[in-house]
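Observations on the model geometry
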Amino acid sequence: MDTLTTPELAALLAFIAFAAVLYSAVGHGGASGYLAAMALFGVAPVFMKPAALAMNIAVAGLVFYRLWRAGHFDARLFWPFALGSIPLAFIGGALTLPGGVYKILVAGALLVAAFRLLWKTQDHDASTTPNIWLALASGAGLGFLSGLTGVGGGIFLSPLLLLLRWANMRTTAAVSAAFILVNSIAGLAGHASVAVTWPAQLPLLMLAALAGAVIGSELAVRRLATVTLRRVLGVVLVIAGAKLLLTA
């Protein structure tokens, strides 16, 4: 990241702040947006995972706190997913993939995230509860992917909760924020247990993400992000994912 010019760094910070606004408005930490931003600006893969996880912890922590205070968090829905995910997120975080393989895996995660943002979501009341073994297994898989790539897993958990009618949109947002928080902490701990290379600009990146999260968390409590903004970011994620695949 030291190779970025001042205008490029300013543009990267603006992109991260924008991603944080939108992701936090739907209960997510924004890692896929941060990874997309870093991919677009040519940040080295060695910096991408720890930076994305660190920003995820800050943003998801704030979003979870706001939604929990507003009464949207369902601990009974959350804990089976978290129990399965935390140890696997630590293991995934401790693994370091070759640069090309990591780019392909992150590109796949970005394309799934783009689909999630472009997918038309309808709110509804919860009509069923997940089987505990299914929740544990799903959490384990998502936790491993979270630690391996640097995403928090919420971008995959939230459509699962909505499609299977396990939660309404705001409960989904609160549970996803908590899921992202614990997975990001576990993933970063696993990564740090082996080796971690912090970008020198990490404090600036985290400040930009938190500034966006202050706005987005307010939207999460009062209303969800607009469809237009979600579509804009979805298109950007597709572009970033394509760039990663082309340079893998």
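To keep things clear, this report deals only with the structure shown in the data block. Only a predicted model underlies this, so the values are computations on that prediction, with no experimental measurement involved.

1. A short note on the packing of aromatic side chains
Per the stated rule, a full pass over the model turns up four aromatic pairs. Seen in terms of ring centroids, Phe64 and Phe73 are 5.0 Å apart; in terms of plane orientation they differ by 85 degrees. Their pairing is edge-to-face.

2. Notes on the nonpolar core
The biggest cluster of nonpolar side chains holds 64 residues, and the ones touching the most others in it are Ile16, Tyr34, Leu35, Met38, Met55, Phe81 and Leu110. Per-element tally for this core: the top contributor is helix H3 (residues 45-69), with eleven residues. Contacts of Met38, omitting those with residues within four sequence positions, involve Leu12, Val43, Met48, Ala51, Ala52 and Met55.

3. Things to note about a nonpolar patch on the surface
A surface patch of nonpolar side chains, about 560 Å² in accessible area, is lined by Ile104, Leu111, Leu118, Val235, Val238, Ile239 and Leu245. Mapped onto the nonpolar patch, the elements with two or more residues apiece are helix H5 (99-118) and helix H10 (227-247). For the nonpolar patch, the leading source of residues is H10, giving four residues. By the element assignment, Ile239 lies in helix H10.

4. Description of the environment of Glu8
Relative to the elements of secondary structure, Glu8 occurs in helix H1 (residues 6-25). Judged by relative accessible area, Glu8 falls into the partly exposed class, the value being 34%. Spatially, the C-alpha atom of Glu8 lies 7.5 Å from that of Phe41, the residues being 33 residues apart in sequence.

5. Some remarks on the side chain of Ser184
Relative to the elements of secondary structure, Ser184 occurs in helix H8 (residues 169-194). Under the relative-accessibility criterion, Ser184 is labelled buried at 0%. Non-local contacts of Ser184, meaning those with residues more than four positions away in its chain, are made with Leu53, Asn56, Ile57 and Gly152.

6. Structural notes on the pattern of salt bridges
Inspection of the entire model under this criterion finds one salt bridge. Of the charged contacts, one joins Glu218 and Arg66 as a salt bridge, the two residues approaching to 2.8 Å between their closest N and O atoms. Separated by 152 residues along the polypeptide, Glu218 in helix H9 (residues 202-222) and Arg66 in helix H3 bring together distant segments of the chain. Judged by its relative accessible area of 27%, Glu218 is partly exposed.

7. What to know about H8
With 26 residues, H8 should reach 38 Å at 1.5 Å per residue; the first-to-last C-alpha distance of 37 Å fits that figure. Two or three places before Arg170, at the start of H8, stands the capping residue Asn168, its side-chain oxygen 3.3 Å from that residue's backbone nitrogen.

8. Notes on the environment of Gly190
Here Gly190 lies in helix H8. Among the residues examined, Gly190 registers a relative accessible area of 0% and is labelled buried. For the pair Gly190 and Gly92, spaced 98 residues apart in sequence, the C-alpha separation works out to 7.2 Å. In this structure Gly190 touches Phe90, Gly93 and Ala94, once residues within four positions along its chain are discounted.

9. Let's talk about the packing of helix H7 (residues 154-163) against H8
Put simply, H7 and H8 touch, their axes get as near as 9 Å, and they point 150 degrees apart. Relative to H8, the element H7 lies roughly antiparallel. As H7 runs across H8, the sense of the crossing is right-handed. Between H7, through Gly154, Leu157, Ser158, Leu161 and Leu162, and H8, the contact on the second element is made entirely by Met169, Thr172, Val175, Ser176, Phe179 and Ile180.

What counts, and where the lines are drawn
Chains are numbered independently. Their residues run from 1 in the order of the written sequence. Per-residue local features of the predicted model are confined to residues with pLDDT of at least 70, and side-chain atom pairs are confined, for both listing and counting, to 80 or more; whole-chain, interface and lining totals are unaffected and use all residues. To get the side-chain values, all heavy atoms of the structure are used, and hydrogens and water are removed first. For this analysis, a ring pair means two rings from Phe, Tyr or Trp (six-membered ring only for Trp) whose centres lie within 6.5 Å, classed as stacked if their planes differ by under 30 degrees, edge-to-face if by over 60, and tilted for the remaining angles. Residues grouped as a nonpolar core are buried Ala, Val, Leu, Ile, Met, Phe, Trp, Tyr and Cys residues, joined through side-chain atoms within 4.5 Å. Any residue under 20% of the maximum accessible area for its type is buried, any over 50% is exposed, and the rest in between are partly exposed; the area is computed with a 1.4 Å probe on protein chains only. Numbering of helices and strands runs from the N terminus, with a helix taken as a DSSP run of H or I at least four residues long and a strand as a DSSP run of E at least two residues long. Residue contacts are defined here by distance: any two heavy atoms, one from each residue, within 4.5 Å place the two residues in contact. Two distance rules govern patches: like charges are joined within 9 Å, and nonpolar side chains (Val, Leu, Ile, Met, Phe, Trp, Tyr) within 5 Å, applied only to residues with over 30% relative accessible area and no salt bridge. To measure how exposed things are, a 1.4 Å probe is used in the Shrake-Rupley method; for residues, cover is taken only from the protein chains shown. Salt bridges are defined by distance alone: a side-chain nitrogen of Lys or Arg within 4 Å of a carboxyl oxygen of Asp or Glu. In this analysis, the expected span of each helix is defined as 1.5 Å times one less than the number of residues it contains. In protein, a polar contact means a hydrogen-donor-capable atom and an acceptor-capable atom, both N or O and within 3.5 Å, with residues adjacent in sequence counting only if both atoms are side-chain atoms; elsewhere, any N or O pair within 3.5 Å suffices. Under this scheme, a helix contributes an axis fitted over its contacting stretch, all axes are lines through C-alpha atoms, and angles between N-to-C directions fall in the 0 to 180 degree range. The labels follow the angle: roughly parallel below 35 degrees, roughly antiparallel above 145, roughly perpendicular from 65 to 115, and oblique for the rest. Less than a right angle of anticlockwise turn of the near helix away from the far helix marks a crossing as left-handed, whereas a clockwise turn marks it as right-handed.

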